[in-house]
Amino acid sequence: MSEPAIHDHPHLAHHFDTPQQQYASAKLGMWVFLATEILMFGGLFCAYGVYRYSHPEVFSFAHQALNPVLGGINTAVLIASSLTMAMAVRYAQLGNKKIIIACLVATLFGGAGFMCIKAIEYETKWKHHLFPGRFNIFNVEYAGKELPPENLEPHEVVATKRPIPTTQVVASFIDPLAGTPDAARVTPSFIAPVGFKEAYIEPTREELSLSDLSKFDRERINTFFSIYFLMTGLHGLHVLIGMALITWIAIRAARNEFGPSYFTPVDMVGLYWHLVDIIWIFLFPLLYLIH
């Protein structure tokens, strides 16, 4: 192709000599941009790692408020959208307009599904007062556990009130080895001949650990949820930006702008979308699965 013919290419910028040079430059610039994105998220991952290492017991308790089922569904949705995005890039190289648009629309549906599920998660957190900043999760029952009142001192957490069968209490009072460990510790004054009665029983090890959390680690639990919302919120913002970019290239694909000689925008947006997916693949097990 002669030099005038090359510069007659409709998508060739004036400061590039050939379409190949323009494509290579665009790809290099995109990789540099993605490297800066990795550095940004890398700082958050470092904060997560330091917190997780320093306070594993706080992390183990606080992460129970997250829903691994919804997180797993979102992971599958994003992986599927990554496949459809890769197919869009391939068919842009082949110049198949209809399949390009179909793959891009499928990718958009994947991103929208991800954001809808994330909105459901955020709504649940809001209902249980789990939002960034100074919140209180200790007076609400969540994840199958209820913490002691916030103003309870550690030395006051010496007993919990629960209904127990009083016939079991009697047996334990006569022979402590015959009853359950909890029943054996019941104060004899609560013994009754029949039915159920509320009795104060010494707290279990789990209950003591929760009371310790409520007294000493409230700020650290706040830190956990601040990290959670910052990381997932920033990732969600990237998903929305990716959806806007996909819409843009879908409109251009409908105008028949992409083909074997020019598919750079589709390829660049595809790289960005794959990075968004990879970041979530790391976020999901770190936040939702590791105890």
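As a starting point, this report considers the structure included with it. Everything quoted here is computed from the prediction, not taken from an experiment. (Residues numbered from 1 in each chain as written. Predicted model: local features only at pLDDT ≥ 70, side-chain atom pairs only at ≥ 80, totals over all residues. Heavy atoms only, no water.)

A few words on the environment of Tyr 288. Structurally, the position occupied by Tyr 288 is in helix α10 (residues 264-289). Among the residues examined, Tyr 288 registers a relative accessible area of 3% and is labelled buried. In sequence terms Tyr 288 and Gly 72 are 216 residues apart; their C-alpha atoms lie 8.8 Å from each other. Those residues within four positions of Tyr 288 in sequence are excluded, and the remaining contacts are His 63, Leu 66, Asn 67, Pro 68, Gly 71, Lys 118, Glu 121, Tyr 228, Trp 280 and Leu 283. At a separation of 3.0 Å, a polar atom in the side chain of Tyr 288 contacts the side chain of Lys 118. (Helix = DSSP H or I, 4+ residues; strand = E, 2+ residues; numbered from the N terminus. Buried < 20%, exposed > 50% of the residue type's maximum accessible area, 1.4 Å probe, protein only. Contact = heavy atoms within 4.5 Å. Polar contact = N/O pair within 3.5 Å; in protein donor to acceptor, adjacent residues only side chain to side chain.)

To continue, consider the packing of aromatic side chains. For the structure shown, the criterion picks out 13 aromatic pairs. Seen in terms of ring centroids, Tyr 122 and Phe 229 are 5.1 Å apart; in terms of plane orientation they differ by 50°. Their pairing is tilted. In this pair, Tyr 122 is assigned in helix α5 (residues 97-127) and Phe 229 in helix α9 (residues 218-254), connecting sequence segments 107 residues apart. Classification of Phe 229 by relative accessible area gives buried; the value is 13%. An aromatic cluster is present here, built from Phe 114, Tyr 122, Tyr 228, Phe 229, Trp 280, Phe 284 and Tyr 288 joined pairwise through their rings. (Phe/Tyr/Trp six-rings, centres within 6.5 Å; stacked < 30°, edge-to-face > 60°.)

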